[in-house]
Amino acid sequence: MRAFEFLYKDFERGLTVVLDKGLPPKYVEDYLKVCGDYIDFVKFGWGTSAVINRDVIKEKINYYKDWDIKVYPGGTLFEYAYVKGKFDEFLDECGKLGFEAVEISDGSSDISLEKRKNAIGKAKDNGFVVLTEVGKKLPEKDKELTIEDRVKLINFDLDAGADYVIIEGRESGKGIGLFDKDGKVKEDELNVLAKNVDINKIIFEAPQKNQQVAFILKFGSSVNLANIAFDEVISLETLRRGLRGDTFGKI
């Protein structure tokens, strides 16, 4: 039983996706005792999985599985494997390591819609939960995408079988995706997005507190948020529950 549980009701909590940039296994094991109930997915960022011992990766994934948390390698690693013609080997290795999900993206490369659809389908056929990502890693490239472009690609991915679509926000949360150069949410673009996609299938990368607050106030505690730092999981949960001044009495 949680401390002070009598103070608040149960509610529908959205997905929380945490960014693991190479945490030690025992740290993960201990910290999950504090926040494991509030994490749904963990992303092993970028290509970090490819520079860590396989046994260490398996150990960490097993700790996450103990808390029913699904783990997936970063989209950049998928892209690296895909452009080298090693997608089949990539999926095979993901399965052997214990990953239950994969991310399909083209943030650092260019992959045609047909190839994107085929990659989603193949990953699904291999039993993985599929998350795709919309947006580019370089701000100058990302700015070429209109909100209408993002909406079309989101719906394309969902029609192709993706379970969730992530909106690119990077680790900085500034000058990319739905964020302006100061990290503030572009409300006009967010409103267009909300009217044209299934928000329950969208995961917003929101590394900054003000962004998390904005999405929670806009969509409620059930909004899906990603790129959450390990040391911000409890903070985010208090925001979702109205236990912090930013959302107190507002949700």
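A quick note: this is a predicted structure, and the numbers were derived from the prediction, not measured. Along each chain, residues carry numbers from 1 onward, in the same order as the chain's sequence is written. Totals for whole chains, interfaces and linings use all residues, but because this is a predicted model, local features are given only for residues with pLDDT of at least 70 and pairs of side-chain atoms are given and counted only at 80 or more. Derived side-chain values reflect all non-hydrogen atoms in the structure, with water molecules and hydrogen atoms excluded from consideration.

**Some details on unusual backbone geometry**
What counts, and what does not: Secondary structure counts use DSSP, requiring at least four H or I residues in a row for a helix and at least two E residues in a row for a strand, with both numbered from the N terminus. Only protein chains enter the accessibility calculation, which uses a 1.4 Å probe; a residue is then buried when its area is under 20% of its type maximum, exposed when over 50%, and partly exposed in between.
Positive phi, close to 55 degrees, is recorded for Arg170, a residue that is not glycine. Residue placement: Arg170 occurs in the loop between strand S6 (164-167) and helix H8 (187-196). Although it is not a glycine, Asn227 adopts a positive phi angle of roughly 60 degrees. Here Asn227 lies in strand S8 (residues 224-228). The class for Asn227 is buried, based on a relative accessible area of 9%.

**Re the side chain of Ser109**
Defined as follows: Here, two residues are considered to be in contact whenever any of their heavy atoms come within 4.5 Å of each other.
Tracing the backbone shows Ser109 in the loop between strand S4 (101-104) and helix H5 (113-125). If sequence neighbours within four positions are ignored, Ser109 has contacts with Glu79, Val83 and Lys136.

**Quick notes on the sheet that holds strand S1 (residues 16-20)**
Heads up, the rule is: Criterion used throughout: strands pair if DSSP finds at least two bridges between them. Throughout, an axis means a line fitted to C-alpha atoms (over the contacting stretch in the case of helices), and angles, computed between N-to-C directions, take values from 0 to 180 degrees.
Taken together, the 8 strands give an open sheet; going across it, the order is S3-S2-S1-S8-S7-S6-S5-S4, and neighbouring strands pair in parallel fashion. Each of the sheet's edge strands pairs with one partner strand only, and the pair in question is strand S3 (70-73) and S4. On average, each strand axis in the sheet is inclined to that of its neighbour by 25 degrees, with strand direction left out of account. Pairing of S1 with strand S2 (residues 41-44) involves 4 bridges; the strand directions are parallel. Looking at the pairing, Leu19 lines up with Lys43 of S2.

**Observations regarding the layout of surface pockets**
Note the following rule: Space inside and on the surface of the protein is sampled on a 1 Å grid over the protein atoms alone, with a cavity defined as a set of points where a 1.4 Å probe fits but cannot get out and a pocket as an open set with protein on both sides within 12 Å along at least 5 of 7 lines; lining residues have an atom within 4 Å of a point. Grid points are joined across faces, edges and corners, and a volume is the space filled by probe spheres set on the points. Ten residue types, Ala, Val, Leu, Ile, Met, Phe, Trp, Tyr, Cys and Pro, are classed as nonpolar, four, Asp, Glu, Lys and Arg, as charged, and the remainder, Gly among them, as polar.
The calculated volume of the largest pocket comes to roughly 280 Å³. Considering the residues around the largest pocket, the lining is formed by 18 residues, among which Ala50, Leu77, Phe90, Glu93 and Leu97 are closest to the centre. Elements with a contribution of two residues or more to the lining of the largest pocket: helix H2 (54-65), helix H3 (75-83) and helix H4 (87-97). Considering every element that reaches the lining of the largest pocket, the biggest residue donor is H4, with 5 residues. A breakdown of the residues in the lining of the largest pocket according to their chemical character gives 12 nonpolar, 1 polar and 5 charged.

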